[in-house]
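Listed below, chain by chain, are the residues.
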Amino acid sequence: MKVINKLVIANWKMNPQSKKEAEIIFKNIFNNLKNIKKTEVIICPPFPFLFVKGKVKTKNIKLGSQDVFYEKEGSYTGEVSASMLRDFSVEYVLVGHSERRAIGDTNEIVNKKILAILKSKMNPIFCVGESVRDTNGFYLSFIKQQIIEGLVNVNKPQVKNMVIAYEPIWAIGSSADREATPAEFTEIRIFIKKIITDLYDVKTANEVRIIYGGSVNPLNAESFIKEGRADGLLVGRDSLNPKKFSAIINLVK
Ligand code: PEP
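A short tour of the structure in this document, coming up. (Residues numbered from 1 in each chain as written. Predicted model: local features only at pLDDT ≥ 70, side-chain atom pairs only at ≥ 80, totals over all residues. Heavy atoms only, no water.)

## Observations concerning the overall build of the protein
The secondary structure content of the protein amounts to ten helices and eight strands. In terms of overall dimensions, the protein is globule-like: its C-alpha atoms have a radius of gyration of 17 Å, near the 18 Å expected for 253 residues. Taken over the C-alpha atoms alone, the protein extends approximately 50 × 45 × 40 Å along its principal axes. Scored against the burial criterion, the 253 residues of the protein give a buried share of 52%. (Helix = DSSP H or I, 4+ residues; strand = E, 2+ residues; numbered from the N terminus. Rg over C-alpha atoms; globule rule 2.2 N^0.38 Å. Buried < 20%, exposed > 50% of the residue type's maximum accessible area, 1.4 Å probe, protein only.)

## A word on the packing of aromatic side chains
One pass over the full model with this rule turns up five aromatic pairs. With a centroid separation of 5.2 Å and 50° between ring planes, the pair formed by Phe69 and Tyr76 is classed as tilted. With a centroid separation of 5.9 Å and 75° between ring planes, the pair formed by Phe185 and Tyr212 is classed as edge-to-face. Note that Phe185 is positioned in helix α7 (residues 182-199) and Tyr212 in strand β7 (residues 209-213), a separation of 27 residues in sequence. Across the pair, exposure class does not vary: Phe185 and Tyr212 are buried alike. Members of the aromatic cluster, joined through ring pairs, are Phe69, Tyr70 and Tyr76. (Phe/Tyr/Trp six-rings, centres within 6.5 Å; stacked < 30°, edge-to-face > 60°.)

## Some points on the site of the ligand
In the vicinity of the ligand, 13 residues are found, and the nearest of them are Lys13, Gly173, Ser215, Gly236 and Arg237. With respect to the ligand, the backbone of Gly173 contributes an N or O atom lying 2.7 Å from an oxygen atom. Within the side chain of Arg237, one N or O atom sits 2.7 Å away from an oxygen atom of the ligand. Within the complex, 99% of the 300 Å² of free accessible area of the ligand lies under protein. Of the residues belonging to the shell around the ligand, the class tally is three nonpolar, six polar and four charged. (Near = heavy atom within 4 Å. Polar contact = N/O pair within 3.5 Å; in protein donor to acceptor, adjacent residues only side chain to side chain. Areas by Shrake-Rupley, 256 points an atom, 1.4 Å probe, with all protein chains shown as cover. Nonpolar A, V, L, I, M, F, W, Y, C, P; charged D, E, K, R; others polar.)

## Points about the nonpolar core
Among the nonpolar cores identified, the biggest contains 63 residues, and Ile43, Phe126, Leu151, Ile196, Tyr212, Leu233 and Phe245 are the most heavily contacted of them. Per element, the largest residue contribution to this core is five residues, and it comes from α7. The residues touching Tyr212, leaving out its near neighbours within four places in the chain, are Tyr166, Pro168, Ala171, Ala180, Phe185, Phe224, Ala230, Gly232, Leu233 and Leu234. Ranked by size, the runner-up nonpolar core spans twelve residues in total, among them Ile9, Ile42, Cys44 and Ile125. (Core = buried A, V, L, I, M, F, W, Y, C linked by side-chain atoms within 4.5 Å. Contact = heavy atoms within 4.5 Å.)

## A few points about the pattern of salt bridges
Overall, the coordinates contain 14 salt bridges when judged by the stated rule. Of the charged contacts, one joins Asp67 and Arg100 as a salt bridge, the two residues approaching to 3.2 Å between their closest N and O atoms. Taken as a pair, Asp67 in the loop between β3 (61-65) and α2 (82-87) and Arg100 in helix α3 (residues 98-101) lie far apart in primary sequence, 33 residues in all. On the basis of relative accessibility, which here comes to 9%, the residue Asp67 falls in the buried class. Under the relative-accessibility criterion, Arg100 is labelled partly exposed at 32%. For Asp238, the salt bridge goes to Lys244, with nearest N and O atoms at 3.9 Å. (Salt bridge = Lys/Arg side-chain N within 4 Å of Asp/Glu carboxyl O.)

## As for the side chain of Lys193
Considering the arrangement of structural elements, one finds Lys193 in helix α7. Buried and unpaired, Lys193 has Asp231 as its nearest opposite-charge partner, separated by 5.0 Å. Among the polar contacts made by the side chain of Lys193, one reaches the main-chain carbonyl oxygen of Ala205 at a distance of 2.9 Å. In contact with Lys193, not counting residues within four places along its chain, are Ala205, Asn206, Val208 and Ile210. (Lys, Arg positive; Asp, Glu negative; His and termini not counted.)

## Side note on the sheet that holds strand β6 (residues 163-166)
The strand order around the closed barrel formed by eight strands is β1-β2-β3-β4-β5-β6-β7-β8, and the pairing between neighbours is parallel. Strand after strand, the sheet turns through a mean of 25° between neighbouring axes, direction not considered. Of the pairings in the sheet, the one linking β3 to strand β4 (residues 90-95) comprises three bridges and is parallel in character. By the bridge assignment for β4, Ser65 is matched with Val93. (Pairing = 2+ DSSP bridges. Axes fitted to C-alpha atoms, helices over the stretch in contact; angles between N-to-C directions.)

## Examining the environment of Asp105
Residue placement: Asp105 occurs in the loop between α3 and α4 (107-119). What makes Asp105 buried here is its relative accessible area of 10%. Asp105 sits ten residues away from Val95 along the chain, and the two C-alpha atoms are 9.2 Å apart. Excluding residues within four positions of it along the chain, Asp105 makes contact with Asp67, Arg100, Val110 and Lys113.

## Quick notes on helix α5 (residues 138-150)
For α5, with 13 residues, the first-to-last C-alpha span of 18 Å sits near the 18 Å given by 1.5 Å per residue. Three or more residues of α5 are buried, namely Tyr139, Ile143, Gln146, Ile147 and Gly150. In an axial view of α5, the angular spread of the buried residues amounts to 90°, which keeps them on one side of the axis. At its buried positions, α5 is contacted by α3, α4, β5 (123-128), β6 and α7. (Expected span 1.5 Å × (residues − 1). Arc of directions from axis to C-beta.)

Here's what the structure looks like:
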């Protein structure tokens, strides 16, 4: 059976505000990670700071992007193509993040981006999640639709390289209602595996990495891995604090 390494992903969002700060954060994370062998750490800075990894020789830290445009090239002012990112040694791309969906990314756009990422031989980190947990369970059909529509024309070998991040919107950011519990994550992890099994097969469902994101911090990180059996974590705010982010990585290890 394929060994699946745990992932810890940093989503810096529109932070920090200078390249100097970006370099310092990256360097501090790198210095704290010298003994990490099996965990894959992925840093997703804003586009102008993708240079931070620079010439640092490390297999432990990979570069991720926070978004991509789906067209190959041409007159798309302000957009960045998948091949530009690949040329910058980007290996993972966040797609379908709720903050991008809130400003217009539909399931159809998310699908086009996933196909563009895969075509350029990068790995999509496909974010899904509901805004509210209603008592009738409509959130389950909402997530199912996000996954089915996001994976149109994605074939079996491609889907195995994907990471699916469950990020309930109500648990994300400083205005989060509350943290999710490992049990809530487990429910969705099993649900996503069932959807992937129905769309592809059980072997594929076992290989897709399903991770949790939403107010992850050093106090709750271990419980999502141990009790929730998450394949990794997507970290927002605490990924900008090298001490806290490194603590999270050590807990996952
Ligand atoms: C995110 O937005 O991807 C995220 C996980 O943010 P935070 O950790 O700040 O809730």
